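Residues per chain, in single letters:
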Amino acid sequence: MIGVIDSGVGGLSVLREIRNQLPDQDLIYIGDTAWCPYGTKSFREICQRTFALTDFLSDRGASAIVVACNSATIVAIQALRAHYPLPFIGMEPGVKPAAALTRTGTIGVLATEASLSGQKFHHLVNQHAHDLRVITQPCPRFVELVEQGILTGPEVDDAIEEYTAAMIAAEADVLILGCSHYPFLLPALKNKLPNHIRFIDTGEAIARRVSSHPLTPSITPSTEILTTGDPEKMSHLVNLLTPELSTPCFFLSLP
Ligand code: DGL
């Protein structure tokens, strides 16, 4: 079984790619909705939460854990790898592909406050984009909107305008969706921003990395979705965001 974790529904954008590429695996997803958002929390709290989720998945017999959350990856993946004898596949803002794609030499990074202040993120920029102009922007309202299932409309357009105006004015031509919640706003972003803007979402690449691990196929592959918040709300959001994964969701009580 592969465990997939996020602060809420964002990681479903990764789960659907994993399900596509690994149809023969048992998957357990946990949205830590009761503690969402992670992006504005302290590094200590984000670490504590990811350890609580991993403890549960490891007890359930996970053979690999996908940290489908940029914030948790940037803040906690090193500590997780040091603590558990399990393979961890994390996700981080796609600075490398963005650097390869830009023609103007300016890229925009949309991510959480936690991701943008993490050392791992600064390292990524130094490694792949030291000769580029990199404009960063935390987007907490994007997470709130997606968690409410609001993917289009005036509130979304206002948030897009607020978060992207400066980078578009600075001629950024590639925007990184550096948080697993943001791909659900891609149709709205494409609709609102100029046609030449390219977007980087690393969900599919993460799923490819997962499929490169040696994994035992399941005879009856299943997808289980758990939440530390309201399971009915989670089921509704799964139907809305990833109807292909549609399944009843269950409450998970964690310390
Ligand atoms: N989806 C998460 C990420 O990729 C975290 C969003 C949040 O909880 O603030 O960073």
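Since this is a predicted model, take the numbers as computed values, not measurements.

Some thoughts on the packing of aromatic side chains
Then, number 1: Per the stated rule, a full pass over the model turns up four aromatic pairs.
Then, number 2: Ring centres of Phe142 and Tyr163 lie 5.0 Å apart, and the angle between their planes is 85°; this geometry places the pair in the edge-to-face category. With a gap of 21 residues between them, Phe142 in helix α7 (residues 140–147) and Tyr163 in helix α8 (residues 154–169) connect regions that are remote in the sequence.
Then, number 3: Judged by centre distance (5.3 Å) and plane angle (85°), the rings of Phe142 and Tyr182 are edge-to-face. Taken as a pair, Phe142 in helix α7 and Tyr182 in the loop between β7 (174–178) and α9 (186–192) lie far apart in primary sequence, 40 residues in all. Here the two residues Phe142 and Tyr182 agree in accessibility, since each one is buried.
Then, number 4: Taken together, Phe51, Tyr84 and Phe88 form an aromatic cluster joined through their ring pairs.

Details of the site of the ligand
Then, number 1: Looking at the ligand, there are 13 residues lining it, with Ser7, Tyr38, Gly39, Asn70 and Ser71 nearest.
Then, number 2: In this structure, Asn70 approaches the ligand through a main-chain N or O atom, which is 2.8 Å from an oxygen atom.
Then, number 3: Within the side chain of Ser71, an N or O atom sits 2.6 Å from an oxygen atom of the ligand.
Then, number 4: Within the complex, 99% of the 300 Å² of free accessible area of the ligand lies under protein.
Then, number 5: Among the residues making up the shell around the ligand, the classes are represented as five nonpolar, seven polar and one charged.

A short note on the nonpolar core
Then, number 1: In this structure, Leu12, Ile18, Val66, Phe142 and Val210 are the most contacted members of the largest nonpolar core, which totals 52 residues.
Then, number 2: At five residues, the largest contribution of residues to this core is made by α8.
Then, number 3: Those residues in contact with Val66 that lie beyond four places of it in its chain are Ile2, Gly3, Val4, Ile5, Val14, Ile18, Ile89, Ile206 and Val210.
Then, number 4: Counting residues in hydrophobic clusters, the runner-up holds 26 residues, among them Phe51, Leu80, Tyr84 and Phe88.

Brief notes about the sheet that holds strand β10 (residues 249–251)
Then, number 1: Taken in spatial order, the six strands of this open sheet run β4-β3-β1-β2-β9-β10, and their pairing is parallel. What marks the edges here is a single partner per strand, and that holds for β4 (88–90) and β10. Mean inter-strand twist for the sheet, computed between neighbouring axes without regard to direction, equals 20°.
Then, number 2: The sheet contact formed by strand β9 (residues 223–227) and β10 spans three bridges and is parallel. Directly across from Ile225, in β10, lies its bridge partner Cys249.
Then, number 3: Across the sheet, helix α2 (residues 43–59) is in contact with β1 (2–6), β2 (27–31), β3 (64–67), β4 and β9; its angle to β1 comes to roughly 160°.

Quick look at the pattern of salt bridges
Then, number 1: Counted according to the given criterion, the structure contains six salt bridges.
Then, number 2: Between Glu92 and Lys120 there is a salt bridge, and its shortest N-O distance comes to 3.4 Å. One end of the pair, Glu92, is in the loop between β4 and α4 (95–101); the other, Lys120, is in helix α6 (residues 119–128), and 28 residues separate them in sequence.
Then, number 3: Glu92 sits in the partly exposed class, given a relative accessible area of 27%.
Then, number 4: Lys120 gets classed as partly exposed once you look at its relative accessible area, which sits at 30%.
Then, number 5: Across the pair Arg208 and Glu204 runs a salt bridge, and its minimum N-O distance is 3.5 Å. With a gap of four residues between them, Arg208 and Glu204 both fall in helix α10 (residues 203–211), about one helical turn apart.
Then, number 6: Here Glu204 falls in the partly exposed class, since its relative accessible area comes to 42%.

Cut-off values and rules
- Residues numbered from 1 in each chain as written.
- Predicted model: local features only at pLDDT ≥ 70, side-chain atom pairs only at ≥ 80, totals over all residues.
- Heavy atoms only, no water.
- Phe/Tyr/Trp six-rings, centres within 6.5 Å; stacked < 30°, edge-to-face > 60°.
- Helix = DSSP H or I, 4+ residues; strand = E, 2+ residues; numbered from the N terminus.
- Buried < 20%, exposed > 50% of the residue type's maximum accessible area, 1.4 Å probe, protein only.
- Near = heavy atom within 4 Å.
- Polar contact = N/O pair within 3.5 Å; in protein donor to acceptor, adjacent residues only side chain to side chain.
- Areas by Shrake-Rupley, 256 points an atom, 1.4 Å probe, with all protein chains shown as cover.
- Nonpolar A, V, L, I, M, F, W, Y, C, P; charged D, E, K, R; others polar.
- Core = buried A, V, L, I, M, F, W, Y, C linked by side-chain atoms within 4.5 Å.
- Contact = heavy atoms within 4.5 Å.
- Pairing = 2+ DSSP bridges.
- Axes fitted to C-alpha atoms, helices over the stretch in contact; angles between N-to-C directions.
- Salt bridge = Lys/Arg side-chain N within 4 Å of Asp/Glu carboxyl O.

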